[in-house]
Amino acid sequence: MKKWMIPGLVLTVALSMGNVAMTNAMTTAEKLQKEATEKAAYEAATETKMSLMADDTVLPASGSLMCENGSTLDFTFVNGVLTISGAGDKLSQEVVAGTTKKSCYYFNDNDSITSVVFTDDCKLTSLDDMFQYCKGLTSVTNIPDTVVEMNHAFSNTALTAIPELPPNLTSMQYAFSWCDGITSVDFATLPKTVVEFSGAFKATGITSANIVINNPEVTGTFTYSYMLSSCEKLQTVTFDATGLHDDARLWLQGICSECPELVSFELKNIPATNKEPGSTSSTGMFRKCENLQTVKNEGYFYFSLDETFEECKKLTTIETKGFSGLYSDDTLENTFKDCSALKGTYYIGFSSNAEYYDYNGDFTKIADKLAYSFAGCTADTTFYLGYEPLVNYFNQIKVAAGDTHSDANILYWKEGDTYVAPVVTPAPTVTPAPTDTVSEPKTTKKAISTLKLKKYKKGTKKITGKTIKKAKVVIKIGKKTYKVTADKKGNFKVSLKKKLKKKDKIKVTVSKSGYKAKTKTFKVK
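How each quantity is defined
Residues numbered from 1 in each chain as written. Predicted model: local features only at pLDDT ≥ 70, side-chain atom pairs only at ≥ 80, totals over all residues. Heavy atoms only, no water. Helix = DSSP H or I, 4+ residues; strand = E, 2+ residues; numbered from the N terminus. Buried < 20%, exposed > 50% of the residue type's maximum accessible area, 1.4 Å probe, protein only. Contact = heavy atoms within 4.5 Å. Areas by Shrake-Rupley, 256 points an atom, 1.4 Å probe, with all protein chains shown as cover. Disulfide = S-S within 2.5 Å. Pairing = 2+ DSSP bridges. Axes fitted to C-alpha atoms, helices over the stretch in contact; angles between N-to-C directions. Salt bridge = Lys/Arg side-chain N within 4 Å of Asp/Glu carboxyl O. Polar contact = N/O pair within 3.5 Å; in protein donor to acceptor, adjacent residues only side chain to side chain. pLDDT = per-residue confidence, 0-100. Phe/Tyr/Trp six-rings, centres within 6.5 Å; stacked < 30°, edge-to-face > 60°.

Student: When you look at the overall build of the chain in this model, what are you seeing that I'm missing?
Tutor: Scanning the chain from N- to C-terminus turns up three helices and 30 strands. Evaluated residue by residue, the chain yields a buried proportion of 49% over its 525 residues. In the chain, the share of contacts with a sequence separation of at least 24, taken over all contacts with a separation of at least 6, comes to 65%. Within the structure as shown, the chain displays about 24500 Å² of accessible surface, and the carbon and sulfur contribution to it stands at 51%.

Student: Hey, could you run me through the state of the cysteines in this one?
Tutor: Simply put, the disulfide is a covalent bond whose two ends are the sulfur atoms of two cysteines. Enumeration according to the criterion identifies zero disulfides in this entry. Cys 259 provides the cysteine sulfur closest to Cys 231, a residue in no disulfide bond, and the two sulfurs are 5.2 Å apart. Of the residues examined, Cys 231 reaches a relative accessible area of 0% and is grouped as buried. With no disulfide of its own, Cys 377 lies closest to Cys 339 among cysteine sulfurs, the gap being 5.4 Å. With relative accessibility at 2%, the residue Cys 377 sits in the buried group.

Student: When you look at unusual backbone geometry in this model, what are you seeing that I'm missing?
Tutor: A negative phi holds for most residues other than glycine; trans holds for most peptide bonds. Located in the positive-phi region is Trp 178, a residue other than glycine, with phi close to 65°. Position of Trp 178 relative to the elements: it lies in the loop between β8 (139–141) and β9 (208–214).

Student: Is there a simple way to explain the sheet that holds strand β26 (residues 480–485) in this structure?
Tutor: Strand pairing in a sheet relies on backbone hydrogen bonds. The paired strands run either parallel or antiparallel. Taking strand neighbours across the sheet as the criterion, the four strands line up as β26-β25-β28-β30 in an open arrangement whose pairing is antiparallel. Whereas interior strands pair on both sides, the edge strands pair on one side only; in this sheet they are β26 and β30 (518–523). On average, each strand axis in the sheet is inclined to that of its neighbour by 20°, with strand direction left out of account. With six bridges joining them, strand β28 (residues 505–511) and β30 adopt antiparallel strand pairing. Following the sheet pairing, Val 510 is matched in β30 by Lys 518.

Student: Help me out: how do you make sense of the pattern of salt bridges in this one?
Tutor: Two side chains of opposite charge can pair, provided their charged atoms sit close to one another. Counted under the stated rule, the structure contains five salt bridges. Arg 287 is paired through a salt bridge with Glu 258; the nearest N and O atoms lie 3.7 Å apart. A residue pair is termed long-range when its members are at least 10 positions apart, and Arg 287 in the loop between β14 (278–281) and β15 (294–297) and Glu 258 in the loop between β12 (249–251) and β13 (264–268) qualify at 29 residues. Of the residues examined, Arg 287 reaches a relative accessible area of 22% and is grouped as partly exposed. In this structure, Glu 290 and Lys 483 form a salt bridge, with 3.7 Å as the shortest nitrogen-oxygen distance. Of this pair, Glu 290 sits in the loop between β14 and β15 while Lys 483 sits in strand β26, and the two are 193 residues apart along the sequence. With relative accessibility at 31%, the residue Glu 290 sits in the partly exposed group. Several salt bridges converge on common partners, so that one network encompasses Glu 258, Arg 287 and Glu 310.

Student: What exactly am I supposed to notice about the side chain of Asn 108 here?
Tutor: If you trace the backbone, Asn 108 turns up in the loop between β6 (99–102) and β7 (115–118). A residue is classified by how much of its surface remains accessible, and Asn 108, at 0% relative accessible area, is buried. Within the structure, the side chain of Asn 108 is placed 3.5 Å from the side chain of Gln 132, a separation counted as a polar contact.

Student: Quick question: what am I supposed to make of the sheet that holds strand β3 (residues 72–78) here?
Tutor: Taken in spatial order, the five strands line up as β2-β3-β4-β7-β8 in an open sheet, and their pairing is mixed. At either end of the open sheet lies a strand with only one pairing partner, and these are β2 (62–66) and β8. Pairwise comparison of adjacent strand axes, ignoring direction, gives a mean angle of 20° for this sheet. As paired strands, β3 and strand β4 (residues 81–85) are joined by five bridges and run antiparallel to one another. Looking at the pairing, Phe 75 lines up with Ile 84 of β4.

Student: Got a minute to help me understand the confidence of the model for the chain in this structure?
Tutor: Low pLDDT means the predicted coordinates in that region are not meant to be read closely. Per-residue pLDDT for the chain has a mean of 79; in total, 77% of the residues score no lower than 70. Per-element averaging of pLDDT across the chain places strand β1 (residues 14–15) at the bottom with 42 and β7 at the top with 98. Of the regions scoring below 50 in pLDDT, residues 50–56 engages in 21 contacts with residues more than four places distant in sequence or in other chains.

Student: What's the story with the environment of Asp 407 in this structure? I'm lost.
Tutor: Mapped onto the elements of the fold, Asp 407 is located in the loop between β20 (404–405) and β21 (409–412). Each C-alpha atom, one on Asp 407 and one on Ala 375, is 8.0 Å from the other, the two residues being 32 residues apart in sequence. Setting aside residues up to four positions removed in sequence, Asp 407 forms contacts with Cys 377, Thr 378 and Ala 379.

Student: For this particular structure, what's the right way to read the packing of aromatic side chains?
Tutor: The geometry of an aromatic ring pair is captured by two quantities: the separation of the ring centres and the angle between the planes. Counted under the stated rule, the structure contains 21 aromatic pairs. With 5.4 Å between their ring centres and 85° between their planes, Phe 75 and Phe 107 make a pair best called edge-to-face. Taken together, the positions of Phe 75 in strand β3 and Phe 107 in the loop between β6 and β7 put the pair 32 residues apart, joining distant regions of the chain. Summarising the burial analysis for this pair, Phe 75 and Phe 107 share the class buried. Relative to Phe 522, the ring of Tyr 456 has its centre 5.7 Å away and its plane inclined at 65°; by these criteria the two rings are edge-to-face. Taken together, the residues Tyr 456 in the loop between β23 (452–455) and β24 (462–466) and Phe 522 in strand β30 connect sequence positions 66 residues apart. A relative accessible area of 23% means that Tyr 456 is categorised as partly exposed. In this structure Phe 522 comes out as buried when scored by relative accessible area, which is 9%.

Given below as structure tokens:
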């Protein structure tokens, strides 16, 4: 594998290059499919609430449920304590009055459950979906060692600490998401066998995270997609990959997205021998982390380019020292959009089969993707791109799109094993002659023509609305504030932490550069 070493040069970021695809790398089609799957799972977990089996709202004092291995899961329920036993492995689907429903939803959305206790003879292998939305659940005891999956198991509960987890656990997607009472996690004590962490601690009260990978036996992918996303109090993240196998990958899509208080992220100790090197995707990794200031990468890891640093308005430096070939679908969509504090020189390379090469210098088909790549970046940033037609394209559209201007310097460099800094002759300093002061004409801002809510009924946890395209939308309900961006058609949606109540006031403010901000208040009926 090629290594790009730059003697005597402090490289603040090098974004992936290489002319030969690695034989063990995930294919473009596989990568796209996995990204789409992770995004769909994230959106589904954010918006979808599971319903109770057969609409049960009150648990009986005891009962049995059928499992996939033919055995039953038995339970008793006394004074808020749910005790579970039996040889059943995984709750099955059952047919109730001609309708198939999952038994695992039987305990969902039951505020009367305060404690769950598993007996020593319990043989469950999966806790998937079993206790989500149990808002009164504060303790879980004696999870069976046989459990290997607990996806969504305790999402939206009142847990304040992570219970002792089974030693052979492999998957915990969204297991503790929206448990805002959880303020700390000792990642070093989590089972080494877990490889699927997608959304596991999303929207919790965690303030810092020290993630550790210490399982050199895993040669596949460790997935951390959206694991810490929407953690409103998260400030620092350290990711130590000391125990990463040479053939293993890290999937970090959206891991810290929409964490408004995140200040620093450090990724360290990825082995230089790692063939991937260490990653297959970092799409949206720090999207909308508006207070993020520094990103450090001591080891060999590369940032894929889609939305990675979008709207990181206080980001000043990105540091890395290793990289490998980009996948052919990697683009520059919104990569550095609104990174107005970013300074320094940055190098972005593309493999010879990268998507841009297919356009032969004509980028009109993907102009929308490219338009905001460097929008908002100042003249303090210089980007060297390893594809000359792309450089020419950016320099032809100095105004990135609409009314968003980019002052970043876009230059060309020829990719190779060793980078040689170009010789630049500085322009002579010219002192302008004094001139009479001329008042600049005031720019008339347009009015926002559309602002309405489509759905905001009592009892729901979702608001949808419409305004002008790509507008920023701020929604306030009591002390809670939600921020989203409207899509290309002006549609927007927000998932709430609490159900809407009658007479709740929803204050919606819409803004966009070049437009007057518009505010409107809606009342829930």
